[in-house]
Amino acid sequence: MTTQLLFAGFGGQGLLFAGKFLAYAGLIEGRQVSWLPSYGPEMRGGTANCSVILSDEPIGSPIVLAPDILIAMNLPSYRKFEPMVKPNGVLLVDSALIGEQSARQDISAYYIPATQLASDENMPGLANMILTGKLLSVSPLLKQETIPAAMAKTVPARKQALLEQNLRAIALGRAA
Amino acid sequence: MPEKVLMKGNEAIAEAAIRSGCRHYFGYPITPQTEIAAYMAKRMPKLEDGCFLQAESEIAAINMVIGASAAGKRAMTSSSSPGIALKSEGLSYLAGCDLPAVVVNIQRGGPGLGGIQPSQADYFQATKGGGHGDYHMAVLAPSGVQEMFDLTCLAFDIADRYRITSMVLSDGILGQMMEPVTFPEEETLNNAVPVEKSWALTGTHGLRPPNIVNSLLMDPLELERSVVERFARYGEIAARETRWEEMLTDDADIVIAAYGATARIAANALQAARAQGIKVGLLRPITLWPFPKAPLLELAQRAKAFVCVELSMGQMAEDVELAIRCQKPVLRCTRTGGVVPSPDEVLAKILEAAKG
C-alpha cells in the first residue's frame, strides 16, 4: 500500500515540518518514506509545497502529482491541487484562509479554520499541526502511539520546548 | 541493526565525506547544493583537523582542493552546474597532477545561470571532459539518499586507489529530498585499508628526495607518456569499477536506460507498462564513466528497442547508442530546463517503442 500526500500553501506555514513529521512517523512504523520540498523562490513567500510518500514498496518517483491526501493552506495551492486529488482521496482545507469549497463528490473534504483555531488557542504557527491532527483522526494512516515518538524526532533538539505545543495542536485538530 | 535517520541527499553526501575521513571541504554557496556546505560548516569545526572553508569563489575552492590533495589529504568541494563550469580548469589540473579528489555536482537547469530546478544536462560536461585535455573523471550517479551516502564513500576510495577525481553527479531532486539512511557501524569504513600516498607533499624531513606535483610537461614525449600511463589506469577503472543495476531485464523487449532521479520515475512507468503486459526492463548506470557498455550491448541482442529517459535534450542517449553500436533504435524521453517528466510521459514513450 502506498499513500501519497501533498502539503501546499505559503512558505512559513510549516508545511515542510508537517511533512517531515509524517515521514518520521512512517519511518518509525517501518515503512518506506520519501519527503521532497519545493525549493524554488516560493520558499520566500510564494506558494510552497512538500511531497510525502509512505509505502510498503520501494518508492519510485518522490514527486507527488496526484495526492491521496491534500492539505491546502492557501487559495492558489487549493485551486492548483484540488482537481488532482485522487478519487476516494482526502482533502483538508484551512477554511480560515480559503473561502472556497470543493464541488467534487468523489473525495472526502474537511474544512477546518486551523489558522483561526491556532490564534484562539494561543499557538501561532501551528495551524499546520492542527490540520495534521484532523488528518490523523479521519485517516488510518498512522498508529496513535507513533505520534509522540515521531514528534520528538521532528522537533529539533534545541527546540524540545515546542514538543508539547505541537502535540497539543495535533490533539486540537483531532477534536476539530 | 543501525538506526535509520531521515536526511536530505545533500546532507548524506556531507556525512559520507566526514565518515570517509575527509577533513578538508572548500565550498561556495549555490542552490540546490548549499546544504552540503551548511552541514560541513556545522560539523567540521567540531572535528580534530576539520577544515570548512567558504572560499571567495568556486575557482578558489577547487584550487584549495588541489592544495589539500597534494598534501595527501582527502578533500572535497561541491557546487551546482554553473559553479562546476567555473571549476573546470581545476578539474583538468587535478587530472594532470594525478591527484585524488571528490567533486559533487547537484545539477540545475542550464545553460548559463539557467534555473535552480533539477537537471541532468551536465552529463557531457561530467563524462566527456569539462576541462581541457585528454582525461576522465570517475562519475558516480546515485538515485536515492542512501546511495548519496554510499557512493560518496566509494568516490573517496576510487579517487585514492586510482589517483583520479571522482565526481558525484546528482540533481536538485536527490539533493533536496529526504529518505531514510543507514550508516555503517564502523566510522572507519574506508580507512580500513588506507592507500599509501607516497607521492604526497608531506615534507621530506631530510629523509627522501622531494616529491613534485605538477601538470606542466614541456617535452611532448614525456607529456604523451604521462597521458598514456593515465589511460592505462582508466582501463583498470573500466574493468573493475563499472557499476549498474538492472530491473526486470531478463525477458525485456524494451529496455529503459536512466540514471539518478529519472531512473526512479522510469521505475514507476516500468510497473505501469508491465501491468499492461508490456515486457519492459530498466538498466540504471551507477557509474556514468566508466559507462556500462557491455551489459547494454548484451541486452541489445534480445531487446527490440531502448528508451533513454533524461533531464536533458538527450546526452546519455548517445552513449547508449555507442554502447549498443546502433543495433537497435534508442528513443528519447527528455525534458530539460528544470522540468521533470511524469511517469505517464515515460509510459507513453514505452508504448511508442513497443509499437515499433
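Coordinates for the structure precede this section.
Residues take numbers from 1 onward in each chain, read along the sequence in its written order. Key to labels: chains lettered from A, ligands numbered from 1, both in the order written. In view of the model being predicted, local features appear only for residues whose pLDDT reaches at least 70, and side-chain atom pairs are presented and counted only at 80 or more, with totals across whole chains, interfaces and linings using the full set of residues. By convention in this description, side-chain values take in all heavy atoms of the structure and omit both hydrogens and water.

Draft legend 1. Summary view of the overall build of chain A. Along the backbone of chain A there are 6 helices and 6 strands. Secondary structure elements follow DSSP: runs of H or I of four or more residues count as helices, runs of E of two or more count as strands, with numbering from the N terminus. When the elements of chain A are put in sequence order from the N terminus, they spell out β-α-β-β-β-α-β-β-α-α-α-α. With the radius of gyration taken over C-alpha atoms, the globule rule is written as 2.2 Å times the number of residues to the power 0.38. For a compact globule of 176 residues, the expected C-alpha radius of gyration is about 16 Å, and chain A comes in at 15 Å, within 12% of that figure. Viewed in the frame of its principal axes, chain A has a C-alpha envelope of about 40 × 40 × 35 Å. Contact definition: two residues touch when any of their heavy atoms are within 4.5 Å. Pairs at least 24 apart in sequence give 57% of the contacts found in chain A among residues at least 6 apart. Only the protein chains shown count as cover for residues, and all accessible areas are computed by the Shrake-Rupley method using a 1.4 Å probe. A total of about 7500 Å² of accessible surface is found on chain A, and carbon and sulfur atoms cover 55% of it. As used throughout, the charge tally considers Lys and Arg to be positive and Asp and Glu to be negative, leaving His and the chain termini uncounted. To locate a charge, the coordinates of NZ of Lys, CZ of Arg, CG of Asp or CD of Glu are taken. Charge separation in chain A, taken as the distance between the mean sites of 14 positive and 13 negative side-chain charges, equals 6 Å.

Draft legend 2. The interface of chain B and chain A, seen in detail. Between chain B and chain A, the residue contacts involve 23 residues of the former and 19 residues of the latter. Between chain B and chain A, roughly 1700 Å² of surface is buried when both sides are summed, and carbon and sulfur atoms account for 69% of that area. By buried area we mean the combined loss of accessible area, with a 1.4 Å probe, across both parts when two parts are placed together. For chain B, the biggest contributors to the area lost against chain A are L6, M178 and R264 of chain B; these three give 32% of the whole. One speaks of a salt bridge when a side-chain nitrogen belonging to Lys or Arg is within 4 Å of a carboxyl oxygen belonging to Asp or Glu. For the interface between chain B and chain A, the tally reads 1 salt bridge. With its nearest N and O atoms 2.4 Å apart, the salt bridge here joins K153 of chain A to E3 of chain B. Two N or O atoms form a polar contact when they lie within 3.5 Å of each other; inside protein one atom must be a possible hydrogen donor and the other a possible acceptor, and for residues adjacent in sequence the pair counts only when both atoms belong to side chains. At the surface where chain B touches chain A, the tally comes to 8 residue pairs in polar contact (both at pLDDT 80 or more). Broken down by secondary-structure element, the contributors of at least two residues to the side of chain B that touches chain A are β1 (4-8), α7 (172-176), β8 (178-182) and α9 (260-275) of chain B. No other element matches the 4 residues that β1 of chain B contributes to the side of chain B that touches chain A. Asp, Glu, Lys and Arg are counted as charged, while Ala, Val, Leu, Ile, Met, Phe, Trp, Tyr, Cys and Pro are counted as nonpolar; the rest, among them Gly, fall into the polar class. Grouping the amino acids of the side of chain B that touches chain A by side-chain chemistry returns 12 nonpolar, 6 polar and 5 charged.

Draft legend 3. Molecular detail of the sheet that holds strand β11 (residues 280-285) of chain B. Residues and elements named next belong to chain B. Strand order across the open sheet formed by 5 strands is β9-β11-β10-β13-β14, with mixed pairing between neighbours. The strands lining the two open edges of the sheet, one partner per strand, are β9 (244-247) and β14 (330-334). Across the sheet, the mean angle from the axis of one strand to that of its neighbour is 20 degrees, orientation sign disregarded. In this description, strands pair whenever DSSP reports at least two bridges between them. Between N-to-C directions, angles span 0 to 180 degrees; the directions come from axes that are lines fitted to C-alpha atoms, helices contributing only their stretch in contact.

Draft legend 4. Structural view of the packing of aromatic side chains. Residues and elements named next belong to chain B. Note on ring pairs: Phe, Tyr and Trp rings are taken, using the six-membered ring of Trp, and paired if centres are within 6.5 Å. Classes follow the plane angle, with under 30 degrees stacked, over 60 edge-to-face and the rest tilted. Under the definition given, this model contains 6 aromatic pairs over all chains. An angle of 70 degrees between the planes, with centres 4.8 Å apart, marks the rings of F231 and Y234 as edge-to-face. Of this pair, F231 and Y234 both sit in helix α8 (residues 220-241), 3 residues apart, roughly one helical turn. Cluster of aromatic residues (ring-pair linked, three or more members): Y123, F124 and Y259.

Draft legend 5. Expanded view of the packing of α9 of chain B against helix α12 (residues 343-355) of chain B. All names here are of chain B. Two elements in contact, α9 and α12, have axes separated by 8 Å at closest approach and are oriented at 55 degrees. With respect to α12, the element α9 is oriented oblique. For the pair α9 and α12, the sense of crossing is right-handed. Contact residues: α9 offers I265, A266, N268, A269, L270, A272 and A273, while α12 offers P343, V346, L347 and I350. In this scheme, roughly parallel covers angles under 35 degrees and roughly antiparallel covers those over 145, while 65 to 115 is roughly perpendicular and the rest are oblique. Left-handed describes a crossing whose near helix is turned anticlockwise from the far helix by less than a right angle; the clockwise case is right-handed.

Draft legend 6. View of the nonpolar core. Counting 90 residues, the largest nonpolar core has M76, F306, M316 and V320 of chain B as the members making the most contacts within it. It is helix α6 (residues 145-162) of chain B that contributes the most residues to this core, 10 residues altogether. Each of domain 1 (4-241) and domain 2 (245-355) of chain B accounts for three or more of the residues forming this core. Setting aside residues up to four positions removed in sequence, M76 of chain B forms contacts with I13, A17, C22, H24, Y25, F26, I36, M40, V65, V102, V104 and F156 of chain B. M73, L92, L142 and M151 of chain A belong to the second-largest nonpolar core, a separate cluster that totals 43 residues. Put simply, a nonpolar core is a bunch of buried Ala, Val, Leu, Ile, Met, Phe, Trp, Tyr and Cys residues held in one set by side-chain atoms that sit within 4.5 Å of each other. Each residue's exposure class comes from its accessible area (1.4 Å probe, protein chains only) as a fraction of the maximum for that residue type: buried when under 20%, exposed when over 50%, partly exposed otherwise. Domain limits in this description derive from either an automatic procedure or a database domain assignment.

Draft legend 7. Quick peek at the packing of α6 of chain B against α8 of chain B. Residue and element names in this part refer to chain B. One can describe the packing of α6 onto α8 by two numbers: an axis separation of 11 Å at closest approach and a directional angle of 145 degrees. With respect to the hand of their crossing, α6 and α8 are arranged in right-handed fashion. Contact residues: I158, R161 and Y162 in α6; R233, E236, I237, R240 and E241 in α8. Of the residues in the contact of α6 with α8, the class split is 3 nonpolar, no polar and 5 charged.

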